[in-house]
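What the coordinates show
One letter stands for each residue in the lines below.
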Amino acid sequence: MFQNQQITKDIFYVGVNDRQKHKFENMLPLPFGVSYNSYLVVDEKIALVDTVDTCYGDEFIDKVKSVIGERPLDYLIINHMEPDHSGSIRLLRQYFPNVTLVGNAKTLSMVEGYYGLCDNTLEVKDGEVLTLGRHELEFYLTPMVHWPETMMTFDRTDRVLFSGDAFGCFGALNGAVLDEDMNVAPYWDEMVRYYANIVGKYGAPVQKALQKMSSVPFEIICSTHGPVWKAHIPQVAAMYDKMSRYEHLEDGVVLVYGSMYGNTARMAEAVAQGLAASGVKNVVVHNVSKSDASDILRDVFKYKGLVIGSPTYSNELYPAIDSLVRKLELRGVKNKVFGYFGSFTWAGAAVKRLAAFAEGMQWQTADFAPEEKQGLKADTYQACLRLGERMAELLK
Ligand code: FEO
């Protein structure tokens, strides 16, 4: 029934689109949906690489069967065990009782832990090769990109890298699967948002994996989310390299503020004006109570400059700013040029807390921080303008 989506002569796309879920992992909005990618390598033996979210199990099995017909499935290669990819393993076993589950030691322990399956498994080690006939699949262990069991599989024959979540992005696939057959523009921001929120803490393991894979001669990247990369591999690889080094992708400043009565918001407007007046063209302002935290994190990874403004709330940071600050600490975000400001009604704490945060992060930080008691007054307004100007200088 399905029209097969071919990547090479023997490699087929059998993933699905999720345009239904509101929040990935119950946290991250999916305005453009998400795809769960799975691939078949059809040879004398047939291997499937990863499965899909269990909600789409039926459609997935239909797609697999439409490619292989009545032939049996010999292997399931499990590059990643997070349930958006492993969720249909049990269903797959019901349709293909003899399929061998292929993974490393950590994978197989998770297969048992999540799904109670421990029979007919094949443990593979780093560098081992599984031959399907003409196709040879080579396994590369890439732990903590972004789970401990993550690995990549390289099809030596067709030079295709099955990379797991690496190089993936949010955004369902709208008909085409290969990047060269679609307008990829909408996917770049969703790749940064995906990376910042899901992989962002694991910059060092991603760097290690990139180095490990740098000698592998792949010509196509089949990740578990978003387009199959063929025409844009240098751009995708460069983005991953930069993001995992915590280097910015574009010049500019993201300015995040919280405000209860509008006074800290006015300070934010003045800082933004100071930035713009000093020639910073990309100034992205987020009201922390309105913007989604995943978009804010995306922009923190995207731009080099970061300014945070917070009112004092019960002698602490404004709660939503506090939550953002924890997210940045958790991810060990590096290489930012930072500025901050705040306000209070009877006892100031926000600016002190942001100063301590900046020190902990070891960022280059503006040498003054405007702070206002109650309503915004002329002197502090001027200081906010100057903070914008100072940030622009530091970013030059
Ligand atoms: Fe797409 Fe880490 O799962």
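A short tour of the structure in this document, coming up. (Residues numbered from 1 in each chain as written. Predicted model: local features only at pLDDT ≥ 70, side-chain atom pairs only at ≥ 80, totals over all residues. Heavy atoms only, no water.)

As for its placement among the helices and strands, Asn37 is situated in the loop between strand E6 (34–36) and strand E7 (39–42). Among the polar contacts made by the side chain of Asn37, one reaches the main-chain carbonyl oxygen of Gly226 at a distance of 2.8 Å. Contact partners of Asn37, with chain neighbours within four places excluded, come to Tyr13, Gly15, Asp50, Thr51, Leu173, Ser223, Thr224, His225 and Gly226. (Helix = DSSP H or I, 4+ residues; strand = E, 2+ residues; numbered from the N terminus. Polar contact = N/O pair within 3.5 Å; in protein donor to acceptor, adjacent residues only side chain to side chain. Contact = heavy atoms within 4.5 Å.)

This paragraph deals with the packing of aromatic side chains. Enumeration according to the criterion identifies 17 aromatic pairs in this entry. When the ring of Tyr195 is compared with that of Tyr240, the centres are 5.2 Å apart and the planes differ by 85°; the resulting orientation is edge-to-face. Taken together, the residues span a long stretch of sequence, with Tyr195 in helix H5 (residues 185–199) and Tyr240 in helix H7 (residues 233–244) at a distance of 45 residues. Owing to a relative accessible area of 1%, Tyr240 belongs among the buried residues under this scheme. Feature note: the residues Phe167, Tyr195, Tyr240, Tyr246 and Phe301 constitute an aromatic cluster, connected by ring pairs. Positioned above the aromatic ring of Phe368 is the side chain of Arg386, whose terminal nitrogen or guanidinium carbon lies 5.8 Å from the ring centre. (Phe/Tyr/Trp six-rings, centres within 6.5 Å; stacked < 30°, edge-to-face > 60°. Buried < 20%, exposed > 50% of the residue type's maximum accessible area, 1.4 Å probe, protein only. Lys NZ or Arg CZ within 6 Å of the ring centre and 35° of its normal.)

Moving on, we come to the sheet that holds strand E14 (residues 151–155). In spatial order, the strands read E12-E13-E14-E15-E16; together these five strands make up an open sheet with mixed pairing. The open sheet has two edge strands, strand E12 (129–131) and strand E16 (220–223), and neither has a second partner. Taking each pair of neighbouring strands and ignoring which way they run, the sheet shows an average axis angle of 20°. Sheet topology places E12 next to strand E13 (residues 136–141); three bridges connect them, and they run antiparallel. Residue pairing across strands places Leu130 opposite Leu137, the latter belonging to E13. (Pairing = 2+ DSSP bridges. Axes fitted to C-alpha atoms, helices over the stretch in contact; angles between N-to-C directions.)

Worth remembering: the numbers are spatial, not functional.
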